[in-house]
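Structural characterization, general
Take a look at the letters that make up each chain.
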Amino acid sequence: MANAASGMAVHDDCKLKFLELKAKRTYRFIVYKIEEKQKQVIVEKLGEPAQSYEDFTASLPADECRYAIYDFDFVTEENVQKSRIFFIAWSPDTSRVRSKMIYASSKDRFKRELDGIQIELQATDPTEMGLDVIRSRAS
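Residues numbered from 1 in each chain as written. Predicted model: local features only at pLDDT ≥ 70, side-chain atom pairs only at ≥ 80, totals over all residues. Heavy atoms only, no water.

As recorded in an unreviewed UniProt entry, the chain goes by the name ADF-H domain-containing protein, listed as coming from Dovyalis caffra. We quote the UniProt Sequence similarities (unreviewed entry) comment for the chain here in full: "Belongs to the actin-binding proteins ADF family." (UniProt positions renumbered as here; feature names shortened; annotations may be inferred.)

Shown next as structure tokens:
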């Protein structure tokens, strides 16, 4: 279950909640956290479908790394309703170096567990994942 490169396991709940977001649109976003003591990625927070992008960004800690999935709904220029599933690697400059290294080394393996990610973002401060950035990457 654990990966030799980073030694991180992925809790089953991580995949289950992602599938619910992708297939049933049960959640607007999912925030994942690495539990360093248990050496595994767990679900930290689930966002209800009615929650906004501001609710999502507010649920990311200012000084700790996280992985997150955000289901972004938008309307194209042709007036077609679409959605994109974003994977966001949140690694603020103020987080611990060890934490940044663990999240960076575990990211690719964790992403492989979540089949259906359409767009990836790496953010070190809130401006790098602002709604304007999300909108421009989605279309």
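Helix and strand counts for the chain come out as 4 helices and 6 strands. In sequence order, the chain lays out its α and β elements as β-α-β-β-α-β-β-α-β-α. The C-alpha atoms of the chain give 15 Å as radius of gyration, which agrees with the globular expectation for 139 residues (14 Å, within 12%). Principal-axis analysis of the C-alpha atoms places the extent of the chain at approximately 45 × 30 × 20 Å. In the chain, which comprises 139 residues, the share counted as buried stands at 42%. Considering only contacts within the chain whose residues lie at least 6 apart along the sequence, 61% involve residues at least 24 apart. Total accessible area computed for the chain in this model is approximately 7500 Å², and 49% of it derives from carbon and sulfur atoms. (Helix = DSSP H or I, 4+ residues; strand = E, 2+ residues; numbered from the N terminus. Rg over C-alpha atoms; globule rule 2.2 N^0.38 Å. Buried < 20%, exposed > 50% of the residue type's maximum accessible area, 1.4 Å probe, protein only. Contact = heavy atoms within 4.5 Å. Areas by Shrake-Rupley, 256 points an atom, 1.4 Å probe, with all protein chains shown as cover.)

Considered as a void within the structure, the largest pocket measures approximately 200 Å³ in volume. Along the wall of the largest pocket there are 13 residues; nearest its centre are Lys 33, Ile 34, Glu 36, Glu 64 and Arg 96. Residue contributions to the lining of the largest pocket peak at 3 residues, all from strand β2 (residues 29-35). Residue composition of the lining of the largest pocket, grouped by class: 3 nonpolar, 2 polar and 8 charged. (1 Å grid on protein atoms, 1.4 Å probe; cavity = no way out; pocket = protein on both sides within 12 Å on 5 of 7 lines; lining within 4 Å. Points joined across faces, edges and corners; volume = space filled by probe spheres on them. Nonpolar A, V, L, I, M, F, W, Y, C, P; charged D, E, K, R; others polar.)

Another point: helix α1 (residues 12-24). A rise of 1.5 Å per residue sets the reference length of α1, with its 13 residues, at 18 Å; its end C-alpha atoms lie 18 Å apart and thus fit the reference within 8%. Restricting attention to buried positions, one finds in α1 the residues Cys 14, Lys 17, Phe 18 and Leu 21. Down the axis of α1, the buried set is contained in an arc of 100°. They therefore lie on one face. In this structure, α1 carries Ala 23 and Lys 24 as exposed residues pointing more than 90 degrees from its buried face. Close packing links the buried residues of α1 with β1 (9-10), β2, β3 (40-47), β4 (66-75), β5 (81-90) and α3 (97-113). Note on α1: the residue one or two positions beyond its end, Arg 25, has a positive phi of about 55°. (Expected span 1.5 Å × (residues − 1). Arc of directions from axis to C-beta.)

Below, the discussion takes up the pattern of salt bridges. Under the criterion given, the structure shown has 11 salt bridges. Across the pair Arg 109 and Glu 113 runs a salt bridge, and its minimum N-O distance is 3.3 Å. Of this pair, Arg 109 and Glu 113 both sit in helix α3, 4 residues apart, which is roughly one turn of the helix. What makes Glu 113 partly exposed here is its relative accessible area of 23%. Within the structure, one salt-bridge network assembled from shared partners comprises Arg 25, Arg 28, Asp 71 and Asp 73. (Salt bridge = Lys/Arg side-chain N within 4 Å of Asp/Glu carboxyl O.)

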